[in-house]
Amino acid sequence: MSDAEALNRRLLDEMAAADVLSDQWRPAFLAMPRHRFVPGVIWVDAEGGGFTARRRDDDPAAWLEIAYTNDAIVTQVDDGATPDTGTGRRVTSSISAPSIVAAMLRRLEVEAGMRVLEIGTGTGWNAALLAHVVGEQNVTTIEVDAVIAERARKALAEAGVSPTVVTGDGAEGFQGNAPYDRVIATAAVQHVPYSWVAQTRPGGIILTPWGTAYDNGALVLLTVDEHGAAHGRFVDNTVAFMWLRAQRAPRPDPPNDLAGAAESTTTLHPDAVAWDDISASFAVGVRLPDVSKRFVDADDGSDDFTFWAFSGPSWACVDVTDGASTHRVLQYGPRNLWDEIEAAYRWWEQNERPLTGRFGLAVFPDRQYVYLDSLDNPV
Ligand SMILES: C[S@@+](CC[C@H](N)C(=O)[O-])C[C@H]1O[C@@H](n2cnc3c(N)ncnc32)[C@H](O)[C@@H]1O
């Protein structure tokens, strides 16, 4: 048995023991080993922040070990603009963690012969796994980045499968091979492109990572009905995928000048609205989808930090001194963002602190909305 095969089997055994890998998918994970799709240059955390390149040729054994960790591996930064001698800032492509890949494939409930559309080809690994189960002729996968798409085509061909790899904007779907039984996105959306619904047959399933500028980590499973609509529940809230390129959330920096901000205090700890409970953070994001947030640690080595919120010209910050029960709030601009966040959090509390799984998403040709418990209860 080769080193790669031994590492793959060890990983798959771990995933099976954790009940993540089903018997249906194990043969695909054996036939399409992950390292065949991991590029020769990957990106790892750099000292001092950002990402630094690591090359297979410099240390093949270390590279292979990384290929069989149960973690996502960064395969492109900054849309390919940063050379592999530089420091990457933003992750723009990755091969997802094996457990997440297996869990999503399982949720998709595919059967041999089903036609599947994947958005976000990346390395091609997920498309290869799908092709193994439903047949390569039934898989269409779309990648927006031409360099990544070409690399995936090559890796897929070398692995012995040739699904249709489209270079283009996945938001448009791919009408040429529609209708699909299943659509799976491996990039997150804030709005589900209606083309995915239109190109799925009634009864078909759409599985996509979903988030807001405030909170990105949910997974929603939609079923398409006979009237051209789709709806279904959020089924997970622990998966952080990169955004579909046109739906990237802004990442504003805190302002240098705090003049003109209104000062007040709060007894609500920012961790409550953004950190302690993923359902609270999800719900605040649903109520305030355009508000982005950020935690900035104090640079004096203490546990003090500042929580920031931004939307357009408005910003708010809450200074937290470790152990204190009252915190200073600054709010600037036409919206009082901290007040809005507090109100959104109170809404969640007053509704009995619903878990993410009580929320669902409804998608119609002209509108979409999140609901709580039932379609007739929009949030
Ligand atoms: C997490 S990676 C996908 C991982 C992939 N499924 C795999 O098996 O390696 C997300 C990918 O989505 C791609 N992407 C982002 N926006 C897109 C869009 N509008 N259309 C198609 N692909 C897109 C990114 O370039 C990136 O390669």
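For every chain, the first residue of the written sequence is number 1, and numbering continues from 1 onward in sequence order. This being a predicted model, a pLDDT of at least 70 is required before a residue's local features are given, and a value of 80 or more before pairs of side-chain atoms are given or counted; all residues contribute to the totals for chains, interfaces and linings. Heavy atoms from the whole structure form the basis of all side-chain values; hydrogens and water molecules are not counted.

Caption draft 1: Broad picture of the packing of helix H4 (residues 98–108) against helix H5 (residues 125–134). Here H4 crosses H5 at 40°, and the two axes come no closer than 11 Å. Here H5 runs oblique to H4, going by the angle between their axes. Crossing of H4 over H5 shows right-handed handedness. Between H4, through Pro98, Val101, Leu105 and Leu108, and H5, the contact on the second element is made entirely by Trp125, Asn126, Leu129 and Leu130. With axes taken as lines fitted to C-alpha atoms, and helix axes fitted only over the stretch in contact, angles between N-to-C directions fall between 0 and 180 degrees. Secondary structure elements follow DSSP: runs of H or I no shorter than four residues count as helices, runs of E no shorter than two count as strands, and numbering proceeds from the N terminus. Should an angle fall under 35 degrees it is taken as roughly parallel, and over 145 as roughly antiparallel, whereas 65 to 115 is taken as roughly perpendicular and any remaining angle as oblique. For any helix crossing, the convention is left-handed if the near helix is rotated counterclockwise from the far helix by under a right angle, and right-handed if that rotation is clockwise. Should any heavy atoms of two residues lie within 4.5 Å, those residues are counted as being in contact.

Caption draft 2: Examining unusual backbone geometry more closely. Here the residue pair Ala178 and Pro179 is connected by a cis peptide bond, since its omega of 0° sits within 30 degrees of zero. Its identity is not glycine, yet Glu109 carries a phi of approximately 50°, on the positive side. We note that Asp373 has phi near 70°; this positive angle belongs to a residue other than glycine.

Caption draft 3: Examining the site of the ligand more closely. Near, as used in this document, describes a residue that has one of its heavy atoms within 4 Å of the molecule or strand being considered. Inspection of the region around the ligand gives 23 residues, with Ser93, Thr123, Glu143, Gly170 and Arg245 positioned closest. Residues adjacent in sequence count toward polar contacts only when both atoms are side-chain atoms; beyond that, a polar contact is any pair of N or O atoms within 3.5 Å, and within protein one must be able to donate a hydrogen and the other to accept it. Here Glu118 contributes a side-chain N or O atom positioned 2.9 Å from a nitrogen atom of the ligand. The side chain of Thr186 places a nitrogen or oxygen atom 3.1 Å from a nitrogen atom of the ligand. In isolation the ligand offers 610 Å² of accessible surface; the protein chains occlude 98% of this area. Those elements that place two or more of their residues in the shell around the ligand are strand S5 (91–95), H5 and strand S7 (139–143). Each residue gets one label: Ala, Val, Leu, Ile, Met, Phe, Trp, Tyr, Cys and Pro are nonpolar, Asp, Glu, Lys and Arg are charged, and the others, such as Gly, are polar. The residue inventory of the shell around the ligand, partitioned by class, reads seven nonpolar, twelve polar and four charged. Every accessible area reported is derived by Shrake-Rupley at a probe size of 1.4 Å, with residue values counting cover from the shown protein chains alone.

Caption draft 4: Fine view of the environment of Pro163. Take Pro163: it is sitting in the loop between helix H6 (146–158) and strand S8 (164–167). Each C-alpha atom of the pair Pro163 and Asn138 lies 7.2 Å from the other, and the pair is 25 residues apart in sequence. With sequence-adjacent residues up to four places away left out, Pro163 is seen in contact with Ala127, Glu136, Val139 and Leu156.

Caption draft 5: Local environment of the side chain of Ser292. For Ser292, the position within the fold is in strand S14 (residues 292–297). For Ser292, the residues in contact, after removing those within four places along its chain, are Ala213, Tyr214, Pro250, Pro252, Trp308, Ala309 and Phe310.

Caption draft 6: Region of the structure containing H5. Here the term buried applies to any residue with accessible area under 20% of the maximum for its type, exposed to any over 50%, and partly exposed to those in between, with areas from a 1.4 Å probe on protein chains only. For H5, the buried fraction is high: nine of the ten residues fall into the buried class. Residues of H5 that are buried include every one of Trp125, Asn126, Ala127, Ala128, Leu129, Leu130, Ala131, Val133 and Val134, and no others. A positive backbone phi angle near 105° is found at Gly135, which sits one or two residues after H5.

Caption draft 7: Structural view of the sheet that holds S14. Here, a strand pair is defined by DSSP locating no fewer than two bridges between the strands. Ordered in space as S13-S17-S16-S15-S14, the five strands form an open sheet in which the pairing is antiparallel. The sheet is open, and its two borders are formed by strand S13 (262–266) and S14, each paired with just one other strand. Geometrically, the sheet is characterised by an average inter-axis angle of 20° between neighbouring strands, direction not taken into account. Both S13 and strand S17 (residues 327–332) contribute to a ladder of five bridges, which runs antiparallel. Paired with Ala262 across the two strands is Gln331, which belongs to S17. Together, S13, strand S15 (305–311), strand S16 (314–320) and S17 form the strand contacts of helix H10 (residues 337–350), whose direction differs from that of S15 by roughly 95°.

Caption draft 8: Representation of the nonpolar core in the model. Nonpolar core, defined: a set of buried Ala, Val, Leu, Ile, Met, Phe, Trp, Tyr and Cys residues in which side-chain atoms within 4.5 Å join the residues together. Ranked by internal contacts, the top residues of the largest apolar core, which has 54 residues, are Trp25, Phe29, Phe37, Val110, Leu129 and Leu130. Counting residues per element, the ones that place at least two in this core are helix H1 (3–17), helix H2 (26–31), helix H3 (60–67), H4, H5, H6 and strand S10 (200–211). Of all the elements, H5 adds the most residues to this core, at eight residues. When neighbours within four sequence positions are excluded, Trp25 is seen to be in contact with Leu105, Arg106, Val110, Leu129, Leu130 and Val133.

Caption draft 9: Structural view of H6. One less than the number of residues in a helix, times 1.5 Å, gives the span that helix is expected to have. Here H6 contains 13 residues, and its C-alpha end-to-end distance of 18 Å stays within 8% of the 18 Å for a straight helix at 1.5 Å per residue. Among all positions of H6, only Ile148, Ala149, Ala152, Ala155 and Leu156 are buried. Looking straight down H6, one finds that the buried residues subtend no more than 125° of arc, so they occupy a single side. Facing away from the buried side of H6 by more than 90 degrees, the exposed set consists of Val147, Lys154 and Glu158. On its buried face, H6 is in contact with strand S3 (73–77), S5, H5, S7 and S8. At the N-terminal boundary of H6, the capping side chain belongs to Asp145, with an oxygen 3.0 Å from the backbone nitrogen of Val147. Downstream of H6 by a residue or two, Gly160 has a phi angle that is positive, lying close to 90°. What the arc describes is the spread of directions from the helix axis to the C-beta atoms.

Caption draft 10: Quick peek at the sheet that holds strand S9 (residues 180–185). A sheet is described by the order of its strands in space; here nine strands give the open sequence S8-S7-S6-S9-S10-S11-S12-S18-S19, paired in mixed fashion. Sheet topology places S8 and strand S19 (368–372) at the edges, where each strand pairs with a single neighbour. This sheet shows a mean twist of 20° between the axes of neighbouring strands, independent of strand direction. Relative to S10, S9 runs parallel, the two sharing four bridges. Within S10, the residue paired with Val183 across the bridge is Ile206. Sheet strands in contact with H6 are S7 and S8, and its direction is about 170° off that of S8.

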